[in-house]
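Structure assessment
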Amino acid sequence: MTDPTDAPPAPETPDESPVQRALRLKQAAINAREKPPRGGRFQREQAARIATGKSKPWMSR
């Protein structure tokens with residue numbers, strides 16, 4: 001006999017597949033991470049670190 005408490009928990013959406021659930025949880029974990037600041041002094045400092053021409057080394061002689 002099966003005890004009703006042994007049943008696996010029902011998914012949050014009934015038509016969600018295990019793969020879709022895993023992707024949803026992964027996206028939630030990614031979005032929960034701390035993100036770097038946008039704009040302002042930080043962005044100018046990051047841009048200043050890249051020397052002119054370093055992004056295209058094949059352009060140098």
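Residues numbered from 1 in each chain as written. Predicted model: local features only at pLDDT ≥ 70, side-chain atom pairs only at ≥ 80, totals over all residues. Heavy atoms only, no water.

1. Description of the overall build of the protein
To keep it simple, the criterion reads: Going along the chain from the N terminus, every DSSP run of H or I of four or more residues is numbered as a helix, and every run of E of two or more is numbered as a strand. Under the scheme applied here, a residue whose accessible area is under 20% of the maximum for its type counts as buried, over 50% as exposed, and between as partly exposed, the area being computed with a 1.4 Å probe on protein chains only. The Shrake-Rupley method, run with a 1.4 Å probe, gives the accessible areas here. Residue values count only the displayed protein chains as cover.
Secondary structure summary: the protein contains 2 helices and 0 strands in total. Expressed as a percentage of the 61 residues in the protein, the buried residues total 2%. For the protein, the computed accessible surface area is about 6,400 Å², with 57% contributed by carbon and sulfur atoms.

2. What to know about the side chain of E16
The condition is simple: Counted as a polar contact is a pair of N or O atoms within 3.5 Å, where, for protein atoms, one must be capable of donating a hydrogen and the other of accepting one, and residues adjacent in sequence contribute only when both atoms are in side chains. Here, residues are in contact when the closest pair of their heavy atoms is within 4.5 Å.
Here E16 is to be found in the segment before α1 (18-32). Side-chain polar atoms of E16 contact the side chain of R24, separated by 2.8 Å. Contacts of E16, omitting those with residues within four sequence positions, involve R21 and R24.

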